[in-house]
Amino acid sequence: MGFDFDTAVQAPFRMQPGLRKLADSAQLLTPLASGSAHQREKLAVLSAFHPQALCAQPSFDPGAALARLSAHAAAEQPGHWRQAESQVEALRLGASVRADGRIEQSADGAFGLGDEVARCLHGLPPQSRLAGLLSLTFAEDFAVVDVDAGTVPWMAVALPSHWAPECKVGLGFEALHAAVADNALLLRARSALLQLVSGPDRWERFVWNVTDSPRLHAHPERVATPRWQQSGVDRAWWRTERQTFLPLPELRQAIFTIRVEVQPLAEVLGAAAGRRARLHAAIASMSPAVLAYRGLASVQPALLRWLEQPA
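Now for a description of the structure that goes with this document. (Residues numbered from 1 in each chain as written. Predicted model: local features only at pLDDT ≥ 70, side-chain atom pairs only at ≥ 80, totals over all residues. Heavy atoms only, no water.)

**Observations regarding the layout of surface pockets**
Point 1. Quantified by volume, the largest pocket comes out at close to 1500 Å³.
Point 2. Together, 49 residues line the largest pocket, and H177, R205, V207, E241 and Q243 are the ones closest to its centre.
Point 3. Class assignment of the residues belonging to the lining of the largest pocket gives a composition of 28 nonpolar, 13 polar and eight charged.
Point 4. For the second largest pocket, the calculated volume is near 580 Å³.
Point 5. Taken together, 30 residues form the lining of the second largest pocket, with L66, P126, Q127, S128 and L130 sitting closest to its centre. (1 Å grid on protein atoms, 1.4 Å probe; cavity = no way out; pocket = protein on both sides within 12 Å on 5 of 7 lines; lining within 4 Å. Points joined across faces, edges and corners; volume = space filled by probe spheres on them. Nonpolar A, V, L, I, M, F, W, Y, C, P; charged D, E, K, R; others polar.)

Okay, structure coming up:
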């Protein structure tokens, strides 16, 4: 379930789909520990900025897809999620959401005052509370892919990586990826990708970047610009995403999951010369457009020099 460094970090660097088929036993969801960084940042975002995180096209009803995601969570993570006919319950959080949107707290949470999750959910529209509880239970963010339309009509994304969910929801494949640098391979793969993610198999891919911030929530309105003004490359962070697709073939949809992790780059590389060399080669091969898109243009020379040094 972790980030696969050797698979993801390649030279020459290319913006490409990079899908890998998942084994039937592979898990898609990562339960959050109470009070973890993911949970605290998601609580803050959903409490203060939920219209930017929980987004839908006005004409789209995510109910069927959310029911399937909830059922998958109950089957895959029965110690953390339970689904009944009239409600769903996050077992470790002591909170449940009923079918009509009502919230019940069966036990105190394990951090803070114990009612943080329920208070956050009360601040959400009733139709968004199931998505909110899923977001606070698992590390992943979620989106629905409409296979026939080639759009993403619904999102629950509290931890975006320098993009605004409220501006992307409802867009088609080409528009979603229009700002991506060197996107020709991605755009050419549109039809094949949509067919793959609609089933029957499940897929994963990995995304990475070197960044100046340890925060998981990187909405562009809350990221300092210009970047790299407060941190040098010796204090850089390794930001990764594991993305998966859960096919819903009977709905002609798929659930897209995104799990963000941020770690100190020096710790990730450790004393492994092979990792330093692999990352050096990948960053050295990036085009000027990719470096600008990933926020690395101003620090590429310094970052390459740092990677050449022994650990």
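**Some words on the packing of aromatic side chains**
Any aromatic ring pair is given by two values, namely how distant the centres are and how the planes are angled relative to each other.
Point 1. According to the stated counting rule, one finds seven aromatic pairs in the structure shown.
Point 2. Judged by centre distance (5.5 Å) and plane angle (35°), the rings of F5 and W238 are tilted. With F5 in helix α1 (residues 5-8) and W238 in strand β10 (residues 237-248), this residue pair connects regions lying 233 residues apart in the sequence. Like W238, F5 is buried.
Point 3. Residues W208 and W238 carry aromatic rings whose centres are separated by 5.2 Å and whose planes lie at 25° to one another, so their mutual orientation is stacked. Taken together, the residues W208 in strand β9 (residues 203-211) and W238 in strand β10 connect sequence positions 30 residues apart. W238 carries the same exposure label as W208, and that label is buried. (Phe/Tyr/Trp six-rings, centres within 6.5 Å; stacked < 30°, edge-to-face > 60°. Helix = DSSP H or I, 4+ residues; strand = E, 2+ residues; numbered from the N terminus. Buried < 20%, exposed > 50% of the residue type's maximum accessible area, 1.4 Å probe, protein only.)

**Quick look at the side chain of R242**
Point 1. The topology assignment puts R242 in strand β10.
Point 2. Relative accessible area serves as the criterion here: at 4%, R242 is assigned to the buried category.
Point 3. There is a polar contact of 2.9 Å between the side chain of R242 and the side chain of E204. (Polar contact = N/O pair within 3.5 Å; in protein donor to acceptor, adjacent residues only side chain to side chain.)

**Some remarks on the sheet that holds strand β11 (residues 253-264)**
Point 1. A sheet is described by the order of its strands in space; here seven strands give the open sequence β1-β9-β10-β11-β7-β8-β2, paired in antiparallel fashion. This sheet does not close on itself; its edge strands, each paired only once, are β1 (20-21) and β2 (54-56).
Point 2. Taken together, the three bridges between β2 and strand β8 (residues 151-156) define a ladder with antiparallel strand orientation. Note on β8: the bridge partner recorded for A56 is W154.
Point 3. Strands β7 (141-146), β8, β10 and β11 of the sheet are contacted by helix α4 (residues 63-76), whose axis makes an angle of about 110° with β10. (Pairing = 2+ DSSP bridges. Contact = heavy atoms within 4.5 Å. Axes fitted to C-alpha atoms, helices over the stretch in contact; angles between N-to-C directions.)

**As for the pairing of β7**
Point 1. Summarising burial for β7: five of the six residues are buried, a large majority.
Point 2. As defined by bridge partners, β7 adjoins β8 across four bridges and the pair is classed as antiparallel. Each residue of the ladder has a partner; that of V144, found in β8, is W154.
Point 3. Count of turn residues in the β7/β8 antiparallel hairpin: four residues, of which G150 carries a positive phi of about 70°.

**Brief notes about the sheet that holds strand β6 (residues 103-105)**
Point 1. As summarised here, the arrangement of the four strands in space is β3-β4-β5-β6, forming an open sheet in which the pairing is antiparallel. The outermost strands of the open sheet, each flanked by one partner alone, are β3 (81-83) and β6. Each adjacent strand pair in this sheet contributes to an overall mean axis angle of 15°, direction not counted.
Point 2. Pairing analysis gives three bridges linking strand β5 (residues 95-98) to β6, with the strands arranged antiparallel. Looking at the pairing, A95 lines up with Q105 of β6.

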